[in-house]
Structure formats: structure tokens, C-alpha cells
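Now for the letters of each chain:
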Amino acid sequence: MKLNKEFDIKNTASTSAPSFRNFPMVPRVVYGRGSFSELGAVLMPHRKNSDAPCIFLVDDVFEGTSLVDRIPLIFNDQIIFISAEEEPKTDQVDALVSKIKNDFSERPSAIIGIGGGTLLDLAKAVAILLSNSGNAANYQGWDLVRKAAVYHVGIPTISGTGAEVSRTTVLLGPEKKLGINSDFTIFDQVLLDPDLTEGVTKEQWFYTGMDCFIHCVESLNGTYLNAFSQSYGEKAMDLCTEVFLGDLSPSDAREKLMMASWHGGMSIAYSQVGVAHAMSYGLSFLLGVKHGIGNCLVFQHLNDYYPEGVALFKQMMAKHHIALPKGVCAGLSDEAFDTMVGVSLKMEPLWENALGKDWRSKMTPARLRTLYEKI
Ligand code: NAD
Ligand code: ZN
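If you're wondering where the values come from, they're calculated on a predicted model, not measured in any experiment. (Residues numbered from 1 in each chain as written. Chains lettered and ligands numbered in written order. Predicted model: local features only at pLDDT ≥ 70, side-chain atom pairs only at ≥ 80, totals over all residues. Heavy atoms only, no water.)

### Here's the deal with the site of ligand 1
Neighbouring ligand 1 are 27 residues; Asp59, Thr118, Thr157, Ser166 and Thr208 lie closest to it. Between Thr157 and ligand 1, the recorded distance is 2.8 Å, taken from a side-chain N or O atom to a nitrogen atom. Interatomic distance of 2.8 Å between a side-chain N/O atom of Thr208 and an oxygen atom of ligand 1. Starting from 870 Å² of accessible surface for ligand 1 in isolation, the protein chains cover 90%. Among the elements of the structure, helix H4 (117–131) and helix H5 (202–220) are those that each provide at least two residues to the shell around ligand 1. It is H4 that provides the largest number of residues to the shell around ligand 1, a total of 4 residues. A per-class count over the shell around ligand 1 returns 9 nonpolar, 12 polar and 6 charged. (Near = heavy atom within 4 Å. Polar contact = N/O pair within 3.5 Å; in protein donor to acceptor, adjacent residues only side chain to side chain. Areas by Shrake-Rupley, 256 points an atom, 1.4 Å probe, with all protein chains shown as cover. Helix = DSSP H or I, 4+ residues; strand = E, 2+ residues; numbered from the N terminus. Nonpolar A, V, L, I, M, F, W, Y, C, P; charged D, E, K, R; others polar.)

What follows is the structure in C-alpha cells.
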């Protein structure tokens, strides 16, 4: 497979010398309902000494809940509650790293992220910046991280993004929204306990779950498709269809969506996402629309590009009585539309994956604006 180094996980079939990327994968995973209780045993061999704490970055939705009582605190371990209201920012990562460096004499033994994509990405970034000097914004890009991160563990509490398996952490920086894409970003350990996703609201479950479904549609219908990506994408698609259109018990649905997220993330490791993600990126940049809902807002209008996927998506919306906000782009100025269109069209590998090498003739700025106007 030929890959464009600049776009890392964004495999592109174009450009220069062919190369074969040697991707890391999550080396260890605990799976199963109730497996959160294993966390203490999982961390124990990684504890360096009593002065090197385990730092738990936990979504503040869990503050005061029984989950917090189950966190295996010993020595000087610390829990830091963080709101997932806004997507992670580079200066937030820098502030967390400074706090941890100020609070402890020794580098932590482990960073553990407990939450959705927001907390998982923060944990990855903090672990990297604890062992690499400078600011998080210095590392936004591809393969800029030089030193191994502090041992870091991801524990998802909502399923869909695939952030638990990916080698990126998406951060909003002063100049750009861009991931820290590196081999050192990958979690050293993931713990998948489907019971942790129990309290998610129906809307958020749907939006984040659709991130996974859309990863599958975009990967499976992309020009970069290959057997590696297809094998994971088809499995994830089957699981999403069971979860969102089948008749599963709630606990089965939680288990299957957690595995769908894993496979969906693996599917895009060696291929790429497509039109919905390229457009959603523009919405996020200009309006701060979050990833899951942003993808849904766009995807409903992509019938020309993904007819079967959009038909399934609409069935899923109807079955779960999901009403998406309307008029999100109503009343935006020409300048605002230009910004969104410009940001979106910069995601070249996504467009090339979706529409082929001559994508520019198929997705003109005017056509893209028309799509945004529908949202
Ligand atoms: P999120 O982490 O933003 O959380 C969404 C909401 O769900 C929050 O209000 C949160 O508090 C709540 N929540 C989470 N778990 C809950 C639980 N068990 N019970 C009740 N509420 C719960 O959601 P997300 O969709 O998982 O993540 C979106 C983020 O992931 C974005 O920042 C996006 O950029 C990032 N992302 C990263 C990757 C990657 O590969 N690194 C891929 C896709 C998306
Ligand atoms: Zn996504």
C-alpha cells in the first residue's frame, strides 16, 4: 500500500515513492462486563514507586458516582475530573501537564483516561507531553513525537469514535485543529468494560455510535479500500446494523457497539474516512460543532455519495426517534461559508479517498457550499 507520510493514517494512493507503514496496534486489552474491577491489577506492575503516581483523567459526568469509588487509588494517586463539554485543546493539555509536574516530584507511573473520545484524547496527549518537552501545539502533525509517552491506559465509557485504537489525538490548537499522529500516541493498554457505557443519553449514544457507522461507510466506499480495512469495516458495519436496527437487549447492544467502535477504528487505520468527515471538520472549525453530531448533520445530506449508507442512517434515526437540529448554517455570511469550504477542501486525502484522484472536478467550492447550506 502506498502511503503519503504527510497524512499518516490518511493512506493515500497518490504521490511519490511507495512505502509500507509499520503500524503499531494496542498491545494489551482487557475485555468484558465488569472488567473495570481488574484495573488495580493491570496497573500494579507499572507502578514505579510510591512517589510516581497513577493519574486518572476522568470525565466529570462521573463525579460523585460509584465508578469513582472503584478507581484503585493507592499512594499519592490523583483523580482529575475534566468536562467533555468542549473538545480537547492544546493549551488544556499544557495546563494539565504543568499541574502534574508541579504536584509531583516524580514522573507519573501511568496516565489513565476514563471517558469518551474527549478524555481518551486528553490522556494520550498528556502522556506524550509529560515525556516530550515544549507545548502540545508543537506536536500537532505527523510523526513529530520523539520520545515514548508515559505508560497510558484508555478506558472508554461511550462507544463509537475508535479513539481507543487510533494513533492520533485530535486537538484544537491556536492555529489549527489537528491530531498528534504518532506511534507513541497509541495506548499501551485498553480496558473495555461495556457496562461503563450504561448511563449515556440516547442522543449522545446515537451521535457517537454513528461516528463508527460513518467510519465504516466511508472506509468501505472509499477508493483506498483494501482487504485489511474491508475486513474490519464489514464486521463493524454488521455490528452497527445489529445495534441500531436489530432487537438486541440493552446489555448486548452495549457489548456489540463497543466492539464495533474497535473494528471501525481499525478499519480506517489502513484506509481513510470521506465526505462526511471532511465536511464535519469545517463545521467544527467554524461553529464548534462536536464530532459525533457534526458527522450526523452532514451525513443526512450525502445521498449522492453514499446512497445505501444514508438510507440505513435514516432508518436508524427513525427507529430511535432522533431529531437533528435544523438551520445550523442558516444566516451564515459568505465569508463564513468560504471558511468552512476552505477548511474542508484542505482535507485532500479524505476527498481523494471518497471521490478518486480527480475529486476536484467532482467537488467544487460551489457544490460544497450548496451541501453546507442544507445543514
Ligand atoms: P465525548 O467524549 O465528547 O463525550 C460526549 C458526551 O458523553 C459528554 O457529555 C460526556 O460527558 C458524555 N459521556 C461519556 N460517557 C458517558 C457515560 N458513560 N454516561 C453518561 N455520559 C457519558 O464523546 P465522543 O463522541 O466519544 O468523543 C468525541 C471526541 O473524540 C472529539 O473530541 C473528537 O475529536 C474525538 N475523536 C477522536 C478520534 C481519535 O482517533 N483520536 C476519533 C474520533 C473522534
Ligand atoms: Zn469520526
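After presenting the structure, the write-up continues.
### Focus on the coordination of the zinc ion (ligand 2)
A four-donor tetrahedral metal ideally has 109.5 degree angles, and a six-donor octahedral metal ideally has angles of 90 or 180 degrees. Coordination sphere of the zinc ion (ligand 2), protein contribution only: Asp211 (OD), His215 (NE2), His277 (NE2) and His291 (NE2), at 2.1 to 2.2 Å. Coordination at the zinc ion (ligand 2) comes from 4 donor atoms whose angles at the metal span 90 to 166 degrees, giving a geometry best classed as irregular. Donor residues for the zinc ion (ligand 2), ordered by position in the chain, follow D-x3-H-x61-H-x13-H. In this pair, Asp211 and His215 are both assigned in helix H5, 4 residues apart and thus about one turn of the helix distant. In this pair, the class of Asp211 matches that of His215, namely buried. (Donors = N, O, S within 2.8 Å, 3.2 Å for Na, K, Ca; no water. Tetrahedral: all angles 85-135°; square planar, octahedral: opposite > 155°, others 65-115°. Buried < 20%, exposed > 50% of the residue type's maximum accessible area, 1.4 Å probe, protein only.)

### Details of the nonpolar core
If you look at soluble globular proteins, the nonpolar side chains tend to sit buried side by side. The biggest cluster of nonpolar side chains holds 57 residues, and the ones touching the most others in it are Phe206, Phe213, Met279, Phe299, Leu302 and Trp351. Here the element with the most residues in this core is H5; it accounts for 9 residues. The residues contacting Trp351, other than those within four sequence positions of it, are Val275, Ala278, Met279, Ser344, Leu345, Gly356, Trp359, Met363 and Leu368. Residues Leu96, Ile180, Phe187 and Val190 belong to the second largest nonpolar core, which totals 38 residues. (Core = buried A, V, L, I, M, F, W, Y, C linked by side-chain atoms within 4.5 Å. Contact = heavy atoms within 4.5 Å.)

### A closer look at the confidence of the model for the chain
Looking at the chain, pLDDT values average 94 and 95% of them are 70 or higher. The low-confidence segment residues 1–16, where pLDDT is below 50, has 53 contacts with residues more than four positions distant or belonging to other chains. (pLDDT = per-residue confidence, 0-100.)

### Details of the sheet that holds strand E3 (residues 78–82)
Pairing in this open sheet of 6 strands is parallel, and the strands run E1-E9-E6-E4-E2-E3 from one edge to the other. Looking at strand neighbours, the two that pair on one side only are strand E1 (29–31) and E3, the edges of this open sheet. When strand polarity is set aside, the average angle formed by the axes of neighbouring strands in this sheet is 15 degrees. Summarising the sheet, strand E4 (residues 110–115) and strand E6 (residues 152–156) pair through 5 bridges and their orientation is parallel. Looking across to E6, one finds that Gly115 is bridged to Pro156. Strands strand E2 (54–59), E3, E4 and E6 of the sheet are contacted by H4, whose axis makes an angle of about 165 degrees with E4. (Pairing = 2+ DSSP bridges. Axes fitted to C-alpha atoms, helices over the stretch in contact; angles between N-to-C directions.)

### Comments concerning the packing of helix H11 (residues 334–345) against helix H14 (residues 365–373)
Running from amino to carboxyl end, H11 crosses H14 at an angle of 110 degrees, the nearest separation of the two axes being 10 Å. Between H11 and H14, the angle is such that the two are roughly perpendicular. Both H11 and H14 take part in a crossing whose hand is right-handed. Counted together, Asp334, Phe337, Met340, Val341, Ser344 and Leu345 of H11 and Pro365, Leu368, Arg369, Tyr372 and Glu373 of H14 form the full contact between these two elements. (Parallel < 35°, antiparallel > 145°, perpendicular 65-115°, else oblique. Left-handed = near helix turned anticlockwise from the far one by under 90°.)

### Comments concerning the packing of H5 against helix H9 (residues 291–299)
Closest axis-to-axis distance for the H5/H9 pair is 8 Å, and the angle between their directions is 60 degrees. Taken together, the axes of H5 and H9 are oblique relative to one another. For the pair H5 and H9, the sense of crossing is left-handed. Here H5 contributes Phe206, Tyr207, Met210, Asp211, Phe213, Ile214, His215 and Val217 to the contact with H9, which in turn contributes His291, Gly292, Ile293, Asn295, Cys296 and Phe299. For the contact of H5 with H9, a count of residues per class yields 9 nonpolar, 4 polar and 1 charged.

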